[in-house]
Amino acid sequence: MARKRIETASATDLGNVRQYNEDSIAIDADLGVVALADGMGGHRAGEVASAMAAEIVLTGLRHRLPEFRSSTSQHSRLLAVEESINQANKAIWDAAQASATRQGMGTTLAMSVFCNGKVVLGHVGDSRIYRLRNGALRLLTRDDSLLRDQVDIGLITAAEVGDSHNRNLVTQALGVAATVPAHVREDDAVPGDLFLLCSDGLNDMVDDSDIELILNSLAANLPLAAQTLVQTAKDNGGYDNISVIVARVRKPRAVGRWLARVFGRLRAAKAA
Amino acid sequence: MAKLVLSSGGTVVFQCFVDHERLAVGRDPTNQIVIDDQAVSREHAVILPVGNDHILEDLASANGTLVNGARVVRRILQHGDVIELGSFHLRYLNPKAATEMDLDRTMLITGLPDVRAELRIDDESSPLRRTRVSRTNFPKGHVHVTAGRREGSIIWLNHVIATFGKPGQQLAAITRRPHGYFLTHVVGRRYPRVNGQPLGSEPRMLRPGDVVQVADETFKFALD
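Residues numbered from 1 in each chain as written. Chains lettered and ligands numbered in written order. Predicted model: local features only at pLDDT ≥ 70, side-chain atom pairs only at ≥ 80, totals over all residues. Heavy atoms only, no water.

Student: Help me out: how do you make sense of the overall build of chain A in this one?
Tutor: The secondary structure content of chain A amounts to seven helices and twelve strands. A compact globule built from 272 residues would reach a C-alpha radius of gyration of about 19 Å, and chain A, at 19 Å, matches this within 12%. With the principal axes as the frame, chain A shows a C-alpha extent of 65 × 40 × 40 Å. Residues counted as buried form 58% of the 272 residues belonging to chain A. A separation of at least 24 residues holds for 71% of the contacts in chain A among residues at least 6 apart in sequence. Total accessible area computed for chain A in this model is approximately 10,500 Å², and 52% of it derives from carbon and sulfur atoms. (Helix = DSSP H or I, 4+ residues; strand = E, 2+ residues; numbered from the N terminus. Rg over C-alpha atoms; globule rule 2.2 N^0.38 Å. Buried < 20%, exposed > 50% of the residue type's maximum accessible area, 1.4 Å probe, protein only. Contact = heavy atoms within 4.5 Å. Areas by Shrake-Rupley, 256 points an atom, 1.4 Å probe, with all protein chains shown as cover.)

Student: Explanation requested: the sheet that holds strand β15 (residues 161-166) of chain B in the structure shown.
Tutor: Hydrogen bonds between backbone groups are what pair the strands of a sheet, and the pairing can be parallel or antiparallel. Taken together, four strands build an open sheet; the order of strands is β15-β16-β17-β20 (chain B) and the sheet is antiparallel. The strands lining the two open edges of the sheet, one partner per strand, are β15 and β20 (204-205) of chain B. Most of the contacts of helix α6 (residues 222-235) of chain A go to strand β16 (residues 170-177) of chain B, to which it runs at about 15°, and overall it touches β15, β16 and β17 (180-187) of chain B. (Pairing = 2+ DSSP bridges. Axes fitted to C-alpha atoms, helices over the stretch in contact; angles between N-to-C directions.)

Student: Which parts of the structure should I look at to understand the pattern of salt bridges?
Tutor: Pairs can form between side chains of opposite charge whenever their charged atoms are close. All names here are of chain A. Using the criterion set out here, one finds 22 salt bridges over all chains in the structure. Between D30 and K4 there is a salt bridge, and its shortest N-O distance comes to 3.6 Å. Pair noted here: D30 is in the loop between β2 (23-28) and β3 (33-40) and K4 is in the segment before β1 (6-13), with a separation of 26 residues, a long-range link. The closest approach of N and O atoms between K118 and D188, which form a salt bridge, is 2.8 Å. With K118 in strand β6 (residues 118-124) and D188 in strand β10 (residues 183-188), this residue pair connects regions lying 70 residues apart in the sequence. Given a relative accessible area of 38%, D188 falls into the partly exposed group. If you follow the salt bridges from partner to partner, you end up with R142, R148, D149 and D152 in one network. (Salt bridge = Lys/Arg side-chain N within 4 Å of Asp/Glu carboxyl O.)

Student: What is the right way to look at the interface of chain A and chain B in this model?
Tutor: For an interface, size is often stated in terms of accessible area lost upon the parts coming together. Between chain A and chain B, the residue contacts involve 66 residues of the former and 55 residues of the latter. Across the interface of chain A and chain B, roughly 5,700 Å² is buried in total on both sides, 53% from carbon and sulfur atoms. Joining chain A to chain B, the criterion identifies two salt bridges. Here D235 of chain A ties to R177 of chain B by a salt bridge, and the two come within 2.8 Å at their closest N and O atoms. Here chain A is connected to chain B by 16 residue pairs in polar contact (both at pLDDT 80 or more). For the side of chain A that touches chain B, the secondary-structure elements that each account for two or more residues are β3, β8 (136-139), α3 (146-152), β9 (169-170), β10, α4 (200-203), α5 (208-217) and α6 of chain A. (Buried area = accessible area lost by both parts, 1.4 Å probe. Polar contact = N/O pair within 3.5 Å; in protein donor to acceptor, adjacent residues only side chain to side chain.)

Student: Teacher, can you tell me more about the pairing of strand β12 (residues 242-249) of chain A here?
Tutor: Each regular strand shows side chains that alternate between the opposite faces of the sheet. Residue and element names in this part refer to chain A. Among the eight residues of β12, eight are classified as buried, and the element is accordingly described as predominantly covered. Here β12 shows two buried faces, one formed by I242, V244, V246 and R248 and the other by S243, I245, A247 and V249. By the bridge criterion, eight bridges tie β1 to β12 in an arrangement that is antiparallel. Across the sheet, the residue bridging to A11 is V244, located in β12. When strand β11 (residues 194-198) meets β12, the two strands line up antiparallel, connected through five bridges.

Student: Mind showing me how you'd approach the sheet that holds strand β8 (residues 70-72) of chain B here?
Tutor: All names here are of chain B. Strand order in this open sheet of six strands is β2-β1-β11-β10-β7-β8, and the pairing throughout is antiparallel. Looking at strand neighbours, the two that pair on one side only are β2 (11-18) and β8, the edges of this open sheet. Put simply, the sheet's adjacent strands are angled 30° from each other on average, direction ignored. Two elements, strand β10 (residues 82-85) and strand β11 (residues 88-93), share four bridges in a ladder whose sense is antiparallel. Each residue of the ladder has a partner; that of I83, found in β11, is L90.

Student: What is the right way to look at helix α2 (residues 74-98) of chain A in this model?
Tutor: Since the α-helix turns once every 3.6 residues, residues separated by three or four places project in the same direction. All names here are of chain A. End to end, α2 covers 36 Å across 25 residues, agreeing with the expected 36 Å (1.5 Å per residue, within 8%). Residues of α2 that are buried include every one of R77, L78, A80, V81, S84, I85, A88, N89, I92, A95 and A96, and no others. Among the structural elements, α1 (45-70), β4 (106-107), β5 (109-115), β6 and β10 are those in contact with the buried residues of α2. (Expected span 1.5 Å × (residues − 1).)

Student: Got a minute to help me understand the confidence of the model for chain B in this structure?
Tutor: Reading fine detail from the predicted coordinates is not recommended where pLDDT is low. All names here are of chain B. Chain-level statistics for chain B give a pLDDT mean of 89 and a share of 87% at 70 or above. At the level of individual helices and strands, chain B shows its lowest average pLDDT in helix α2 (residues 113-118), which scores 56, and its highest in strand β21 (residues 211-214), which scores 98. Our summary of model confidence lists the complex with pTM equal to 0.86 and ipTM equal to 0.86. (pLDDT = per-residue confidence, 0-100.)

Student: Even after reading the chapter, I still don't get the nonpolar core, so can you show me in this structure?
Tutor: Residues and elements named next belong to chain A. Residues V81, I85, L109, M111 and L174 are the most contacted members of the largest nonpolar core, which totals 34 residues. Put simply, the parts of the chain that give this core at least two residues each are β3, α1, α2, β5 and β6. In terms of residue count, the dominant contributor to this core is α1 (eleven residues). Beyond its immediate sequence surroundings of up to four residues, L109 is in contact with A35, L36, A37, A53, V57, I85, G122, H123, V124 and L174. (Core = buried A, V, L, I, M, F, W, Y, C linked by side-chain atoms within 4.5 Å.)

This is the structure:
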């Protein structure tokens, strides 16, 4: 029986103001893939775009998985994720061109692919990926957003962010052009690491310090952690749709640990 | 679209819409907003459009720029702001931003040109403060621990969540919500007890005086 590579939980909510939920989530814990998308566009086209993004990257990785798993080269792992994002982009772009009501639809995307002690992180737009390791929360992505740009070039200070009305302006999205510049990179995934993927409806409403506190407090119950994050965003106002995925990296199989121990001993003996 | 209204002694002398163009303010006639007042510098300030915002910047003017009575070097203008320039008042009106209508709806915009080239854009980034300020009022409460390793201590419930019990064995959480504090079972075979009765799987709102037992901890809840 296949053992899940990751333990996951998720929650998505309309929020307190919006009429429709334009966020989408896709999870395959056996495969070790999680994806979250926050759609935009009138006539409910945002829902279509985000659902397409989440599903297509997941399907794409199912097909590319054999090469992905067997690959020892980081380059080909990154390429597999990039290709799945490009495929989703192309499909949304084509669908948008084919329908007048879907013109201009697009979506953000945040995705993580877990594999043998590594995680490939992909993102476009302002959906985020955080990691909680040893109790400390760290943001692993840089928003494609006007506000982020403004702060980074010193046009405004981080303290002025709350005064700005630019929080909704993303500088990149999936499905708005024939090609998309996605951010894809690899990082270590240590057993016990907790990854959080979220739409801006969470991090616009809840401080990073509160996100960290909630994840630390409820790490033993991931579904409750996901629900509590969403609940807190709603309690703070809930002006946007809110979606979260939490994924914990599991310990390798017992046989894997046994092998590691044996090889560790051999290596130690060799060195002696 | 936002609007600027210039007035002197309560009389409107000039008004214009501001959208995507840069507006210079000063005594010199080449400015877009000309203010005929000796207290105003020739090139006094500038209003820059960035996305949905208009950013006011003082150009090192001799007498400075005041917004709502406070001196500023730079300010992201807010609906209703009054910019004081000598004896003139320049009022910024942006009802759309004030109602925040649609401002949470994600939209695509061209990024700032310099940034992409200069930064490694797939890097980790330093955290930014959340952009929405909560207008919610939260209750204030605390618990008095009467048994367990924290016996005798008062724990102030001034965060979004606090946990009780023994990690790995039995854990419960108290979450702070706008309408009160809620006790929730987190993990463990046994559920916490409130006034001797076991808690269900649903969160329960705590009432002042409630006595809670979680693993070897016992505490009494109170509102401040």
